Amino acid sequence: MAFIPEEVIQEIRQQTDIVDVISQYVSLSKSGSNYIGSCPFHEDRNPSFSVHTEKQIFKCFSCNRGGNVFGFLQEIEGIGFVEAVKQVAEFSHVPLDSRYFEGQNQRQDRYQELYRIHQEANDFYHYYLTKT
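For the structure given in this document, a descriptive report is provided here. (Residues numbered from 1 in each chain as written. Predicted model: local features only at pLDDT ≥ 70, side-chain atom pairs only at ≥ 80, totals over all residues. Heavy atoms only, no water.)

### Thoughts on the sheet that holds strand β5 (residues 66-67)
Strands belonging to one sheet form pairs held by backbone hydrogen bonds; the direction of such a pair is parallel or antiparallel.
Then step 1. Read from one edge of the open sheet, five strands run β1-β2-β3-β4-β5, paired in antiparallel fashion. For this open sheet the edge positions go to β1 (29-31) and β5, each flanked by a neighbour on one side alone.
Then step 2. In the sheet, strand β3 (residues 49-52) pairs with strand β4 (residues 57-60) via four bridges, with the strands oriented antiparallel. From the neighbouring strand, F49 faces β4, where its bridge partner is C60. (Pairing = 2+ DSSP bridges. Helix = DSSP H or I, 4+ residues; strand = E, 2+ residues; numbered from the N terminus.)

### So, the packing of aromatic side chains
Then step 1. Scanning the entire structure with this criterion turns up nine aromatic pairs.
Then step 2. With centroids separated by 6.3 Å and ring planes inclined at 40°, the aromatic side chains of F41 and F58 adopt a geometry described as tilted. Highlighted residues: F41 in the loop between β2 (34-37) and β3 and F58 in strand β4, separated in sequence by 17 residues.
Then step 3. Of the residues examined, F58 reaches a relative accessible area of 3% and is grouped as buried. (Phe/Tyr/Trp six-rings, centres within 6.5 Å; stacked < 30°, edge-to-face > 60°. Buried < 20%, exposed > 50% of the residue type's maximum accessible area, 1.4 Å probe, protein only.)

### What to know about the pairing of β2
Then step 1. As paired strands, β1 and β2 are joined by three bridges and run antiparallel to one another. Across the sheet, S31 pairs through a bridge with N34, a residue of β2.
Then step 2. Direction of pairing for β2 relative to β3: antiparallel, over a ladder of four bridges. Bridged to G37 within β3 is F49.

### Considerations on helix α4 (residues 81-91)
Then step 1. The complete set of buried residues in α4 reads A84, V85, V88 and A89. Angularly, the buried residues of α4 cover 135° about the axis, an arc narrow enough to put them on a single face.
Then step 2. Where α4 is buried, its residues touch α1 (6-14) and α3 (69-77).
Then step 3. Trailing α4 by a residue or two, H93 shows a phi angle of about 60°, which is positive. (Arc of directions from axis to C-beta. Contact = heavy atoms within 4.5 Å.)

### Quick notes on α3
Then step 1. Every buried residue of α3 is listed here: V69, F70, G71, F72 and L73.
Then step 2. Buried-residue contacts for α3 involve α1, α2 (18-22), β3, β4 and α4.
Then step 3. At the N-terminal end of α3, a side-chain oxygen is found 3.1 Å from the backbone nitrogen of F70, two or three residues along, and the residue is N68.
Then step 4. Positive phi shows up at G78, right after α3, with a value of about 70°. (Polar contact = N/O pair within 3.5 Å; in protein donor to acceptor, adjacent residues only side chain to side chain.)

Structural measurements only, silent on function.
Right, here's the structure in full:
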């Protein structure tokens, strides 16, 4: 299991401008000290999505989703926390030590085997139900 120390996570968060990351997915416009735009998580006709630059957080006042840069990437990309930290670190050019991810490949290999088994069972039952 990957373990990234809290200090490293905070360093990545402090060196990343949440507006730069979110603006890759949402068209933002400046409104006072914040940025606003249409929420990417639901159909939004009026801009209800706000990004607070000083606190480095986002909030949608319609669907109540909110959080930091890692939470945004988790929601929009459908990825886990560790993968979100990796992506933000790459975006901000913050080096991550590979020892934080030791053992992760072994776990992924085990899950790949389980996925393969489920896929074979799915193929079998699909054939059985549709062709016999």
